[in-house]
Amino acid sequence: MLRWGMSERILETTRGRVLGLLRRGDMTADELASALGLTDNAVRAHLATLERDGLVRSIGERREGRIGKPATVYAVTPEVDSLFSKAYLPLLTALLAELGQRHTPRELTTLLADVGSRLAAGAAPSSGALGERVQAASTLLNELGGLSSVEEVDPGRGYVIQSRGCPVASAVKQRPEVCQAIVALVAELTGAEVSSCCQRTGQPSCCFEVHEQPNRKRRR
(Lines give C-alpha, C1' and ligand atoms only; values in the text may rest on other atoms or scores of the structure.)
Protein backbone atom coordinates (compact mmCIF):
# COMPACT_ATOMS: atom_id res chain seq x y z
CA MET A 1 0.00 0.00 0.00
CA LEU A 2 1.35 3.41 -0.94
CA ARG A 3 2.20 5.26 2.26
CA TRP A 4 1.23 8.85 3.02
CA GLY A 5 4.02 11.29 2.51
CA MET A 6 6.15 9.17 0.20
CA SER A 7 8.59 11.77 -1.10
CA GLU A 8 8.79 12.69 -4.78
CA ARG A 9 12.57 12.47 -4.32
CA ILE A 10 12.16 8.78 -5.19
CA LEU A 11 11.87 9.90 -8.81
CA GLU A 12 15.48 11.12 -8.71
CA THR A 13 16.82 7.74 -7.54
CA THR A 14 17.56 4.46 -9.28
CA ARG A 15 14.14 3.25 -8.17
CA GLY A 16 12.63 6.25 -9.86
CA ARG A 17 14.42 5.29 -13.07
CA VAL A 18 13.03 1.76 -12.72
CA LEU A 19 9.53 3.19 -12.38
CA GLY A 20 10.08 5.46 -15.37
CA LEU A 21 11.04 2.50 -17.56
CA LEU A 22 8.14 0.38 -16.35
CA ARG A 23 5.69 3.20 -17.07
CA ARG A 24 6.69 2.87 -20.72
CA GLY A 25 6.04 -0.87 -20.75
CA ASP A 26 6.27 -4.11 -18.80
CA MET A 27 9.82 -5.45 -18.38
CA THR A 28 11.80 -8.25 -16.75
CA ALA A 29 14.60 -7.75 -14.24
CA ASP A 30 17.16 -8.61 -16.93
CA GLU A 31 15.72 -6.04 -19.32
CA LEU A 32 15.76 -3.38 -16.61
CA ALA A 33 19.33 -4.26 -15.66
CA SER A 34 20.45 -3.90 -19.28
CA ALA A 35 18.68 -0.55 -19.69
CA LEU A 36 20.07 0.84 -16.43
CA GLY A 37 23.58 -0.62 -16.62
CA LEU A 38 23.13 -2.45 -13.31
CA THR A 39 23.49 -6.05 -12.18
CA ASP A 40 20.46 -8.33 -12.09
CA ASN A 41 20.75 -8.65 -8.31
CA ALA A 42 20.78 -4.87 -7.82
CA VAL A 43 17.65 -4.47 -9.94
CA ARG A 44 15.87 -7.30 -8.12
CA ALA A 45 16.61 -5.62 -4.79
CA HIS A 46 15.04 -2.38 -6.06
CA LEU A 47 12.04 -4.28 -7.43
CA ALA A 48 11.51 -5.99 -4.07
CA THR A 49 11.41 -2.62 -2.32
CA LEU A 50 9.05 -1.16 -4.91
CA GLU A 51 6.76 -4.18 -4.57
CA ARG A 52 6.73 -3.73 -0.81
CA ASP A 53 5.75 -0.07 -1.27
CA GLY A 54 2.91 -0.99 -3.61
CA LEU A 55 4.43 0.69 -6.67
CA VAL A 56 5.36 -2.40 -8.70
CA ARG A 57 3.75 -5.82 -9.15
CA SER A 58 4.58 -9.00 -11.04
CA ILE A 59 2.09 -9.75 -13.82
CA GLY A 60 3.35 -13.01 -15.26
CA GLU A 61 6.33 -14.71 -16.82
CA ARG A 62 8.18 -14.51 -20.11
CA ARG A 63 10.64 -16.98 -21.59
CA GLU A 64 13.70 -15.03 -22.72
CA GLY A 65 15.61 -17.92 -24.24
CA ARG A 66 15.29 -21.56 -25.20
CA ILE A 67 16.69 -22.83 -21.93
CA GLY A 68 16.30 -21.82 -18.32
CA LYS A 69 13.33 -20.76 -16.27
CA PRO A 70 10.91 -18.08 -17.51
CA ALA A 71 11.61 -14.57 -16.24
CA THR A 72 9.12 -12.64 -14.12
CA VAL A 73 7.55 -9.66 -15.85
CA TYR A 74 6.98 -6.50 -13.79
CA ALA A 75 4.57 -3.60 -14.21
CA VAL A 76 3.77 -0.44 -12.26
CA THR A 77 0.63 -0.11 -10.15
CA PRO A 78 -1.90 2.73 -10.60
CA GLU A 79 -0.44 4.52 -7.54
CA VAL A 80 2.69 5.42 -9.54
CA ASP A 81 0.82 8.04 -11.56
CA SER A 82 0.42 10.22 -8.46
CA LEU A 83 4.21 10.33 -8.00
CA PHE A 84 4.81 11.53 -11.55
CA SER A 85 1.85 13.89 -11.74
CA LYS A 86 2.47 17.66 -11.66
CA ALA A 87 -1.25 18.49 -11.70
CA TYR A 88 -2.16 18.28 -8.00
CA LEU A 89 -0.72 21.61 -6.82
CA PRO A 90 -2.17 23.70 -9.69
CA LEU A 91 -5.51 21.94 -9.24
CA LEU A 92 -5.50 22.59 -5.48
CA THR A 93 -4.54 26.22 -6.04
CA ALA A 94 -7.38 26.75 -8.51
CA LEU A 95 -9.83 24.93 -6.22
CA LEU A 96 -8.94 27.09 -3.21
CA ALA A 97 -9.27 30.24 -5.30
CA GLU A 98 -12.74 29.17 -6.44
CA LEU A 99 -13.81 28.22 -2.91
CA GLY A 100 -12.56 31.57 -1.67
CA GLN A 101 -14.81 33.28 -4.21
CA ARG A 102 -17.88 31.25 -3.26
CA HIS A 103 -17.57 31.22 0.54
CA THR A 104 -16.94 33.70 3.32
CA PRO A 105 -13.70 33.29 5.31
CA ARG A 106 -15.70 31.74 8.19
CA GLU A 107 -17.43 29.27 5.88
CA LEU A 108 -14.13 28.35 4.24
CA THR A 109 -12.50 27.81 7.65
CA THR A 110 -15.34 25.48 8.69
CA LEU A 111 -15.14 23.59 5.40
CA LEU A 112 -11.39 23.09 5.69
CA ALA A 113 -11.74 21.92 9.30
CA ASP A 114 -14.13 19.26 8.02
CA VAL A 115 -11.56 18.32 5.39
CA GLY A 116 -8.93 17.87 8.13
CA SER A 117 -11.26 15.63 10.12
CA ARG A 118 -11.93 13.53 7.03
CA LEU A 119 -8.19 13.27 6.39
CA ALA A 120 -7.68 12.01 9.94
CA ALA A 121 -10.21 9.24 9.30
CA GLY A 122 -7.75 7.75 6.81
CA ALA A 123 -4.98 7.47 9.43
CA ALA A 124 -4.47 4.71 11.96
CA PRO A 125 -6.20 5.62 15.26
CA SER A 126 -3.72 6.65 17.96
CA SER A 127 -4.06 5.46 21.54
CA GLY A 128 -2.34 5.65 24.88
CA ALA A 129 -1.48 8.68 26.97
CA LEU A 130 -1.70 12.17 25.47
CA GLY A 131 2.06 12.29 24.93
CA GLU A 132 1.92 9.13 22.82
CA ARG A 133 -1.00 10.45 20.78
CA VAL A 134 0.77 13.76 20.17
CA GLN A 135 3.91 11.92 19.07
CA ALA A 136 1.82 9.85 16.65
CA ALA A 137 0.34 13.06 15.20
CA SER A 138 3.82 14.53 14.81
CA THR A 139 4.96 11.38 13.01
CA LEU A 140 2.05 11.64 10.59
CA LEU A 141 2.82 15.30 9.90
CA ASN A 142 6.37 14.26 9.06
CA GLU A 143 5.07 11.59 6.69
CA LEU A 144 3.00 14.28 5.00
CA GLY A 145 6.12 16.40 4.45
CA GLY A 146 6.64 18.26 7.71
CA LEU A 147 9.73 18.28 9.91
CA SER A 148 8.22 18.35 13.37
CA SER A 149 9.19 17.53 16.93
CA VAL A 150 7.25 17.43 20.20
CA GLU A 151 7.92 19.50 23.33
CA GLU A 152 6.16 18.80 26.64
CA VAL A 153 5.11 22.11 28.26
CA ASP A 154 2.77 20.78 30.98
CA PRO A 155 3.69 17.26 32.20
CA GLY A 156 1.19 14.80 30.78
CA ARG A 157 -1.31 17.50 29.81
CA GLY A 158 0.21 20.04 27.45
CA TYR A 159 2.46 19.73 24.39
CA VAL A 160 3.66 21.76 21.45
CA ILE A 161 4.25 20.27 18.01
CA GLN A 162 6.78 22.49 16.26
CA SER A 163 7.82 22.02 12.65
CA ARG A 164 10.51 23.79 10.65
CA GLY A 165 8.29 23.65 7.57
CA CYS A 166 4.68 23.21 6.53
CA PRO A 167 3.37 20.26 4.47
CA VAL A 168 0.80 22.55 2.83
CA ALA A 169 2.95 25.69 2.61
CA SER A 170 1.95 26.65 -0.95
CA ALA A 171 -1.75 26.42 -0.12
CA VAL A 172 -1.36 28.33 3.17
CA LYS A 173 0.37 31.20 1.38
CA GLN A 174 -2.68 31.56 -0.83
CA ARG A 175 -5.40 30.87 1.76
CA PRO A 176 -4.38 30.97 5.47
CA GLU A 177 -7.61 29.12 6.28
CA VAL A 178 -5.97 25.94 4.97
CA CYS A 179 -4.07 25.74 8.26
CA GLN A 180 -7.37 24.91 9.96
CA ALA A 181 -7.43 21.59 8.11
CA ILE A 182 -4.17 20.58 9.79
CA VAL A 183 -5.42 21.83 13.18
CA ALA A 184 -8.49 19.61 12.80
CA LEU A 185 -6.32 16.69 11.70
CA VAL A 186 -4.14 16.98 14.83
CA ALA A 187 -7.21 17.42 17.05
CA GLU A 188 -8.83 14.27 15.68
CA LEU A 189 -5.64 12.24 16.03
CA THR A 190 -4.95 13.35 19.61
CA GLY A 191 -8.51 13.69 20.94
CA ALA A 192 -7.36 16.94 22.54
CA GLU A 193 -7.85 20.68 22.28
CA VAL A 194 -5.56 22.06 19.59
CA SER A 195 -4.77 25.65 18.67
CA SER A 196 -2.49 26.92 15.94
CA CYS A 197 0.65 28.90 16.65
CA CYS A 198 1.81 28.65 13.03
CA GLN A 199 4.04 31.13 11.23
CA ARG A 200 2.15 32.01 8.05
CA THR A 201 4.26 34.90 6.70
CA GLY A 202 7.58 34.49 4.96
CA GLN A 203 8.41 30.78 5.03
CA PRO A 204 5.36 29.07 6.62
CA SER A 205 6.04 26.70 9.51
CA CYS A 206 3.64 24.61 11.56
CA CYS A 207 3.15 24.96 15.30
CA PHE A 208 0.31 23.41 17.32
CA GLU A 209 -0.45 23.72 21.02
CA VAL A 210 -2.14 20.56 22.31
CA HIS A 211 -3.93 20.31 25.66
CA GLU A 212 -5.83 17.43 27.21
CA GLN A 213 -9.63 17.55 27.32
CA PRO A 214 -10.76 14.96 29.90
CA ASN A 215 -14.43 15.17 28.96
CA ARG A 216 -14.00 14.97 25.19
CA LYS A 217 -15.13 11.77 23.54
CA ARG A 218 -12.43 10.61 21.19
CA ARG A 219 -13.14 9.03 17.83
CA ARG A 220 -12.93 5.26 17.57
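First, a word on scope: everything that follows refers to the structure included in this document. Predicted, not measured: the structure shown is a model, and the values here were computed from it.

1. As for the state of the cysteines
Thought 1: The tally for this structure, following the rule as stated, stands at one disulfide.
Thought 2: Between the sulfur of C197 and that of C207 lies a disulfide, 1.9 Å long from S to S. Disulfide C197-C207: the torsion about the S-S bond is -75 degrees, which places it as left-handed. One end of the pair, C197, is in the loop between β6 (193–196) and β7 (207–211); the other, C207, is in strand β7, and ten residues separate them in sequence.

2. A word on the pairing of strand β3 (residues 71–76)
Thought 1: Of all six residues making up β3, five are buried, and the element is well covered by its neighbours.
Thought 2: Summarising the sheet, strand β1 (residues 27–28) and β3 pair through two bridges and their orientation is antiparallel. The residue bridging T28 from the neighbouring strand is V73, located in β3.
Thought 3: Direction of pairing for strand β2 (residues 56–62) relative to β3: antiparallel, over a ladder of six bridges. In the sheet register, S58 faces β3, and the bridge partner there is Y74.

3. Brief notes about helix α3 (residues 40–52)
Thought 1: Along its 13 residues, α3 runs 18 Å from first to last C-alpha, staying within 8% of the 18 Å computed at 1.5 Å per residue.
Thought 2: Within the span of α3, buried status applies to V43, H46, L47, T49 and L50. Angularly, the buried residues of α3 cover 160 degrees about the axis, an arc narrow enough to put them on a single face. Away from its buried face, by an angle of more than 90 degrees, α3 presents the exposed residues N41 and R52.
Thought 3: Positive backbone phi, at 75 degrees, marks G54, one or two positions downstream of α3.

4. Remarks on the environment of G165
Thought 1: By secondary structure assignment, the location of G165 is in the loop between β5 (158–163) and α8 (169–174).
Thought 2: When the C-alpha positions of G165 and C206 are compared, they lie 6.2 Å apart, and in sequence the two are 41 residues distant.
Thought 3: Contact partners of G165, with chain neighbours within four places excluded, come to P204, S205 and C206.

5. Digging into the environment of S58
Thought 1: Residue placement: S58 occurs in strand β2.
Thought 2: Taking the relative accessible area as the measure of exposure, S58 reaches 42% and is therefore partly exposed.
Thought 3: Spatially, the C-alpha atom of S58 lies 5.7 Å from that of V73, the residues being 15 residues apart in sequence.

6. Let's talk about the packing of helix α1 (residues 14–24) against helix α2 (residues 29–36)
Thought 1: Packing of α1 against α2 brings their axes to within 11 Å, and their N-to-C directions diverge by 115 degrees. In this structure, α1 crosses over α2, and the sense of that crossing is right-handed. On α2, the residues touching R17, V18, L21 and L22 of α1 are L32, A35 and L36.
Thought 2: Taken together, the residues of the contact of α1 with α2 sort by class into six nonpolar, no polar and one charged.

Conventions used here
- Residues numbered from 1 in each chain as written.
- Predicted model: local features only at pLDDT ≥ 70, side-chain atom pairs only at ≥ 80, totals over all residues.
- Heavy atoms only, no water.
- Disulfide = S-S within 2.5 Å.
- Helix = DSSP H or I, 4+ residues; strand = E, 2+ residues; numbered from the N terminus.
- Buried < 20%, exposed > 50% of the residue type's maximum accessible area, 1.4 Å probe, protein only.
- Pairing = 2+ DSSP bridges.
- Expected span 1.5 Å × (residues − 1).
- Arc of directions from axis to C-beta.
- Contact = heavy atoms within 4.5 Å.
- Axes fitted to C-alpha atoms, helices over the stretch in contact; angles between N-to-C directions.
- Left-handed = near helix turned anticlockwise from the far one by under 90°.
- Nonpolar A, V, L, I, M, F, W, Y, C, P; charged D, E, K, R; others polar.

Read these as layout, nothing more, since geometry by itself doesn't imply function.
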